[in-house]
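Each chain, letter by letter, is given below.
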Amino acid sequence: MNKYTLDTDTVSYDEKINALIIIDQTRLPNNTEFLTLTGDKDIWDAIYHLKVRGAPAIGVAAAIGLYVVMSGAGVTEKEKFLKLLHEEKEYLNSSRPTAVNLSWALNRMEERALKLKDMPVSDILAALKDEALDIKAEDTDMCRRIGENALTLLKKGDGLLTHCNAGQLATSKYGTATSAMYLGYEREYDFKIYCDETRPLLQGARLTAYELKSAGLDVTLLCDNMVSSIMRQGKINAVLVGCDRVAGNGDVANKIGTSVVATVAARYGIPFYVCAPSSTIDPATRTGDDIVIEQRPGEEVTRMWYEKPMAPENINVYNPAFDITDNELISAIITERGIFRAPYDFK
Ligand code: MRU
């Protein structure tokens, strides 16, 4: 499967210069530029400004970033080290609220350090590096297995719709929603893939269309408001999306517009599948109502992609980055551990 996916890592660690390396996703698809990040503020900014984005990828970036910051801090006194680790963890975690993978990865890093609190700081640092690289390697492995599980629900020649980017650029590799698409490509399933442009930040047009097309897959771009039209024509056999947080009752937070796609899919009897690693499941959050939805600046809607503003100055703008898809609209939640259906029990 490797040869079909982008041959660059979305997120990586450069040991020689002790830095977090990311593809700057705000520059895609026109420029492939890599950023070398070492400072906590730069890492926070890169996550907030979506230079690295997608739930699993921000978890991996934050974990590597936390290690980079702590190993560059030069703190050798244990108590000071653990206090700073906690502060930096909280700071990076404040960059985006909705994707649980961010806090999941950062908590995992702190827990690893606390287990070794009787060891010298140098040993704790070595363990933190291993933990960050494990989080990345596990993500790649989980994505592959999600793809294998999702593929069991699809047939040759299917038309598949996806929203936003739950692809390689949102993970360590393969993506979640796209993993079965890559596997299907390798195994000659001849999928016809449709991707929503995903207003307002165009992750579908800029990122999903780019990565699937680069890999040679058959992909067609459509505006978000064309979903009902294409479904009504019978061209979509299944919807595959990623997600940022799965609540204990199976409600799902994902990119704004996902719930519209799910609602229309239900109208036309099209299966709607959510693909997510276990790290995205958050049983501590009871329902979708308990998920914090990130609100983003209005300029993203009114002017970001235009030469001139495309709305009156000072217009009020509603710009939530995510929405909640109610569990009854979801046919199955596909993880690396298997295929879950209502009533959800993720244990
Ligand atoms: O705001 P973004 O681009 O980080 O939103 C990303 C999504 O909504 C993805 O669908 C989700 O994180 C899953 S990525 C495997």
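Residues numbered from 1 in each chain as written. Predicted model: local features only at pLDDT ≥ 70, side-chain atom pairs only at ≥ 80, totals over all residues. Heavy atoms only, no water.

**Topic: the side chain of S12**
- Its location among the elements puts S12 in strand β1 (residues 11-14).
- Of the residues examined, S12 reaches a relative accessible area of 17% and is grouped as buried. (Helix = DSSP H or I, 4+ residues; strand = E, 2+ residues; numbered from the N terminus. Buried < 20%, exposed > 50% of the residue type's maximum accessible area, 1.4 Å probe, protein only.)

**Some remarks on the environment of R296**
- Mapped onto the fold, R296 is located in the loop between β11 (281-282) and α10 (299-302).
- When neighbours within four sequence positions are excluded, R296 is seen to be in contact with Y48, H49, L50, R96, L201, N319 and A321. (Contact = heavy atoms within 4.5 Å.)

**Things to note about the pattern of salt bridges**
- Counting across every chain of the model gives 18 salt bridges.
- Between D158 and K155 there is a salt bridge; the shortest N-O distance is 2.8 Å.
- Judged by its relative accessible area of 3%, D158 is buried.
- Because the salt bridges share partners, they merge into one network encompassing R96, E294, R296 and E300. (Salt bridge = Lys/Arg side-chain N within 4 Å of Asp/Glu carboxyl O.)

**Re the domain arrangement of the protein chain**
- The domains assigned to the protein chain are domain 1 (11-140) and domain 2 (144-340).
- Between the C-alpha centres of domain 1 and domain 2 the distance comes to 26 Å.
- With 25 residues of domain 1 in contact, the opposing surface of domain 2 contributes 32 residues.
- Summing both partners gives a buried area of about 2300 Å² for domain 1 against domain 2, and 52% of it is carried by carbon and sulfur.
- Of all residues in domain 1, the largest losses of buried area upon contact with domain 2 belong to R53, T98 and T140, amounting jointly to 26% of the total for that side. (Domains from an automatic or database assignment. Buried area = accessible area lost by both parts, 1.4 Å probe.)

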